[in-house]
Structure formats: structure tokens, C-alpha cells
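Architecture and fold: a report
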Amino acid sequence: MAEAKPTKCLVVGAGPVGALAALYAARRGWDVDVYELRGDLRDASTTPLNFTKSINLALAERGINAMRHSGSPALLDRVFAEAVPMYGRMVHSASSAGTLTEESQQYDVHGRFNRAVDRANLNKLLLDEVETLPNVKLHFNHKLVGADLRKRKAWFERKAAPPQTADGAQAHQDQTDGREQEVEVDFDLMLGCDGAHSNARYHMMKFVRMSYEQSYIDTLWCEFTIPPAGPTSATTPTAKDGFATSPDHLHIWPCDHGLFIAIPSIDKSFTCTLFAPSATFATLEQDPATITQFFQTRFPNAADLIGHAELRQQFEQNPHLPLISIKCSPHHYSSTGVILGDAAHAMVPFYGQGMNAGLEDVRVLFQHLDAHPSTPAGRTAALDAYSTERVPDAHAVNDLALANYWEMHSGVRSPLTLIRKKVEEF
Ligand code: FAD
């Protein structure tokens, strides 16, 4: 039933979780305003947050199901059209005699699979879908700088306009004259989807006794690319269809103090990530010429697949980034604010569930909102029920993500007892 006065919903952050949350809210007839710190990532001039380019993510059933319930039936078809199925993991290693091996470990006896998706592309598809709805407004280059959850007001700093495009037009309709301005916004409900360093969470903490725990693991990550197979490029025995190694797998090169992974892309390249202790990164940063040897002794064949010169160049050019893990409770305040996605539960990426769990937050939140009246009292009950259900689940997936770090770099080749010991030590 349509509401007499639509709920005024403020979504902070237009990442995958914020975009899906805006879609769910708009489908309920709410007045939705989305405020995003960066420019529109659909403009070529906008650099994805933290990344030199987009990263590939494993999209699993948790995230798919959340999109399935978004009220946009064609959305999943579009997502799947640009996804690569991954049926298992491929473990790369070398015997003591130097023989290279690839061992395929299927994810599921029934052949079910995960999908590799480009994070920015998924985000774009979600924003395109959001933009088809008349009751949503997207405001880019706006940074949340304050929120009063009792008075239901938020303040944004409007950033300078993005650079002009080649034909002289502004890169996005949401322009400013170059000066920073503060914008005040009223809301009934604020959905804080502004990522691990969430300002929405920070301001919510002033109103609710939020327990908060943040930790960094002693591991950094750096992104690399394996190009499509060329006439002279290195490949592995499972290479096919123009990919330098099997496109049907998430590839893992385990080693004692680190991990290298590769995820297929629709352009036949692989987006790869090196995870290693910060001390290892420091040593390599001091002498980047040793990176090829470092790879050859730990991740057999990976340096050849990337190309030796490109390996060094990418290590020097791409950022070396930390991995944060956040738990907090509750995830809401009264009837007026709730945090979702990385804002509520950033986790290390080893379980491939950070974004998936964030998308699932949206589905679960709206399930509770739909089950209660659209009044402040109804919303309070819905948000209470949401935190009660979601906080333990978020903590559990956060712990599993940490545990899977050991599984991926040692467990794929170690007895179970060793994994258990390492998890307990951690
Ligand atoms: P974000 O993606 O961080 O988006 C937050 C948005 O809020 C951004 O657009 C940001 O610009 C905006 N914002 C920030 N501050 C403000 C502000 N003050 N005002 C307004 N806007 C603001 N997850 C998976 O499910 N599967 C995987 O395989 C996977 N692999 C990963 C690999 C790596 C190396 C890493 C680092 C992460 C991986 N993840 C994976 C996790 C995944 O990237 C995140 O969980 C996901 O991006 C979180 O989405 P989000 O929308 O909550 O936050």
C-alpha cells in the first residue's frame, strides 16, 4: 500500500551496497537521495577508490539473492552477461624437482559455481538501474561531514567539479563552481553505506553506545594483471579460449608467508593480487629488481604469466594497501540510522564475502522494514530486529574470512590439524 507521505531516505555512499540499498528503497516508493564522495564512476575520469583500476570480485549466492529480490528482474541478467563462472580453485605449485603442477579443486559436487565480476562494472549496472527510477536523486562529489540522528539532519561538503571532458562538457550533471560548499539534508532514515572508514558510523557512535573493534592484519596487498594469451606469451597447460590459464577457476599460488591469486575477467585477462607480510613488501620496495626472483621461488610460473618487466612495473606503480577488519554492535540507532556493508563489517577478503555480505544486509534490512509499519515506532522495531539478526552473522563471516586466510595460503596443501592450530594461534 502506498504511504501517505513517502519515507525520506538518505543513502550515504554509492558503492555496490549503497546502490543496491537505493534500489530497494526506491522500489518501495520512498524519496531517495544518494550522496557519494567521489565523482560518478561511470565517467571515465573517475578513479575507483583505492584501486588503480577496478578489481575482480567473487560474486556468490548471498549477493546474487540480494539482487534477485531488488524488484529489477533484468538486473541479474545484465550482471551475469558480464561475469565469468568459476567452478573451483586451481592450486599452482612446483615439485622439489621443479615440475609445475595445477590441481583443480571443484567448489561443489553438483557443479555449482561462483562468478567473477568486475567490481566497478557491477557498481555501474546497479547505478544505471537506480537511475531509471524517478524517485531517486544521485549527488556525486558530496562528502558526509556531519549527521544528527535525533534531529534527522546531515551535512555534506560539496567538492569541486570534476574535470571537463574532451569536448569541453562537464563530466557529470552534478556540477559545482569549484568552491566547496556545505549542504544540509533532512531525512527520516539514513542508510550509511560509506565503506570501512565510514563517517556515517562515526556520527552514529555519538548517539548510540556502539561497541567497536578495528584491527589490521600484518598483510598488505598489491594488484597485478595477467594479460590475455598472445602468440609468444607464457601459458599453463589448462590455458584455453585465449586465457593464459584456465578461465574456469580462481587461481591460487599458496606459500608459507603469503599468497598470490588470479581471478578471470571477460576480456580474457586475470586480475591478480599479491598478499604478503608488510616486512616482505618493505624488502621488495627497497629493491624492486628482486621481485621476479621473489615470485619465481614462491609462485611458480606466475611471473612468466604476467611478464617480468610488467611484474616489476606493476609492483612499483600499483598501491600497496592494508587489510582492515571491523566489528561493531549495534548497527543502528533508533528509527533514524543504520549502517550496512563495509561500514558495519569490513573484513579481510579471503572468504570472498565482503561485498556479498553487504548486499545481503540490504535484503535482510528491507525484509524487516517490510514486516513493520512505516512509522518511526515501526522503523525502530525493524532496525532493532535487523541488528539483532545481523550483528552475530556479520561477526561470524568476519571470523571465517580471517580463518580462510590460513586455508588459502597453507590449508590448500596442509593437513586439517595445522589449519586449526594456525586459526587458534591467530
Ligand atoms: P565501498 O565499496 O567501500 O563503497 C563505499 C562508498 O562510499 C564509496 O563509493 C565511497 O566513495 C563512498 N564514501 C566513503 N566515504 C564517504 C563519505 N564521507 N560521504 C559520502 N560517500 C562516501 N568482496 C566479495 O564479496 N568478494 C570478493 O571476492 C572480494 N574480494 C576483495 C578483494 C580485495 C583485495 C579487497 C580489498 C576487497 C574484496 N572484497 C570482496 C570486499 C569488497 O570490495 C567490499 O566488501 C565491498 O566493496 C564493500 O562495498 P560497500 O558498498 O559497503 O563499500
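What counts, and at which threshold
- Residues numbered from 1 in each chain as written.
- Predicted model: local features only at pLDDT ≥ 70, side-chain atom pairs only at ≥ 80, totals over all residues.
- Helix = DSSP H or I, 4+ residues; strand = E, 2+ residues; numbered from the N terminus.
- Buried ≥ 20, exposed ≤ 12 C-beta atoms within 10 Å, placed from the backbone.
- Pairing = 2+ DSSP bridges.
- Axes fitted to C-alpha atoms, helices over the stretch in contact; angles between N-to-C directions.
- Parallel < 35°, antiparallel > 145°, perpendicular 65-115°, else oblique.
- Left-handed = near helix turned anticlockwise from the far one by under 90°.
- Contact = placed C-beta atoms within 7 Å.
- Nonpolar A, V, L, I, M, F, W, Y, C, P; charged D, E, K, R; others polar.
- Core = buried A, V, L, I, M, F, W, Y, C linked by C-beta atoms within 7 Å.
- Domains from an automatic or database assignment.
- Near = placed C-beta within 6 Å.
- pLDDT = per-residue confidence, 0-100.

1. A look at the overall build of the protein chain
Each helix and strand in the protein chain was counted, giving 13 helices and 19 strands. Each of the 426 residues in the protein chain was classed as buried or not, and the buried ones make up 44%.

2. Digging into the sheet that holds strand S2 (residues 31–35)
Taken in spatial order, the 6 strands line up as S8-S2-S1-S12-S19-S18 in an open sheet, and their pairing is mixed. At either margin of the open sheet sits one strand with a lone partner, and together these are strand S8 (136–139) and strand S18 (332–333). Relative to S2, strand S1 (residues 8–12) runs parallel, the two sharing 5 bridges. Residue pairing in the sheet places Lys8 in a bridge with Asp31 of S2.

3. As for the packing of helix H1 (residues 16–27) against helix H11 (residues 354–370)
Relative to each other, H1 and H11 sit at 20 degrees, their axes nearing to 9 Å. In terms of orientation, H1 lies roughly parallel with respect to H11. The crossing of H1 and H11 is right-handed. Note on element contacts: H11 touches H1 through Met355, Gly358, Leu359, Asp361, Val362 and Phe366, opposite Pro16, Val17, Leu20, Ala21 and Tyr24. Partitioned by chemical class, the residues of the contact of H1 with H11 number 9 nonpolar, 1 polar and 1 charged.

4. A few points about the nonpolar core
Membership of the largest hydrophobic core comes to 112 residues, with the highest contact counts inside it found for Val11, Leu20, Ala21, Ala22, Leu191, Leu340 and Val362. If you tally residues by element for this core, the top one is H1, at 9 residues. Residue-level mapping places this core at the junction of two domains, with at least three residues from each of domain 1 (8–82 + 118–214 + 325–411) and domain 2 (86–114 + 216–322). Beyond its immediate chain neighbours, meaning those up to four positions away, Ala21 contacts Val11, Leu191, Cys193, Leu340 and Val362.

5. Re the environment of His251
Along the chain, His251 falls in strand S14 (residues 249–255). Exposure remark for His251: the 26 C-beta atoms within 10 Å place this residue in the buried category. In this structure His251 touches Met90, His92, Thr245, Ile261 and Ala262, once residues within four positions along its chain are discounted.

6. Overview of the site of the ligand
Not every one of the 33 residues close to the ligand is listed here, only the nearest: Gly13, Gly15, Gly195, Gly341 and Gly354. Those elements that place two or more of their residues in the shell around the ligand are H1, strand S3 (56–59), strand S9 (142–148) and H11. Residues of the shell around the ligand, tallied by class, amount to 15 nonpolar, 12 polar and 6 charged.

7. Some details on the packing of helix H7 (residues 291–298) against helix H9 (residues 308–317)
Two numbers describe how H7 lies on H9: the axes approach to 9 Å, and their chain directions differ by 110 degrees. As the angle between them shows, H7 and H9 are arranged roughly perpendicular. Residues Ile291, Thr292 and Phe295 of H7 pack against His308, Leu311, Arg312 and Phe315 of H9. Taken together, the residues of the contact of H7 with H9 break down into 4 nonpolar, 2 polar and 1 charged.

8. With respect to the domain arrangement of the protein chain
Much of the literature gives interface size as the accessible area that the parts lose upon coming together. The domains assigned to the protein chain are domain 1 (8–82 + 118–214 + 325–411) and domain 2 (86–114 + 216–322). Relative to domain 2, the C-alpha centre of domain 1 lies at a distance of 30 Å. Each partner contributes to the interface: domain 1 provides 15 residues, whereas domain 2 provides 18 residues. Listing elements by their share of the side of domain 1 that touches domain 2, those giving two or more residues are S3 and helix H12 (376–409). Take the side of domain 1 that touches domain 2: its biggest share by element is 3 residues, from S3. Counted by class, the side of domain 1 that touches domain 2 contains 7 nonpolar, 6 polar and 2 charged residues.

9. So, the pairing of S9
Looking at chain direction, S9 and strand S10 (residues 153–158) are connected through 6 bridges and run antiparallel. From the neighbouring strand, Leu144 faces S10, where its bridge partner is Phe156.

10. Some points on the confidence of the model for the protein chain
Reading predicted coordinates in detail is not appropriate for stretches of low pLDDT. Of the residues in the protein chain, 88% have a pLDDT of 70 or more, and the chain-wide mean is 90. Counting interchain partners and residues more than four positions distant, the pLDDT-below-50 stretch residues 165–176 has 25 contacts. Every residue in residues 422–426 scores below 50 in pLDDT, and together they form 6 contacts with partners more than four places removed in sequence or on other chains. Predicted as a complex, the structure gets a pTM of 0.91 and an ipTM equal to 0.99.

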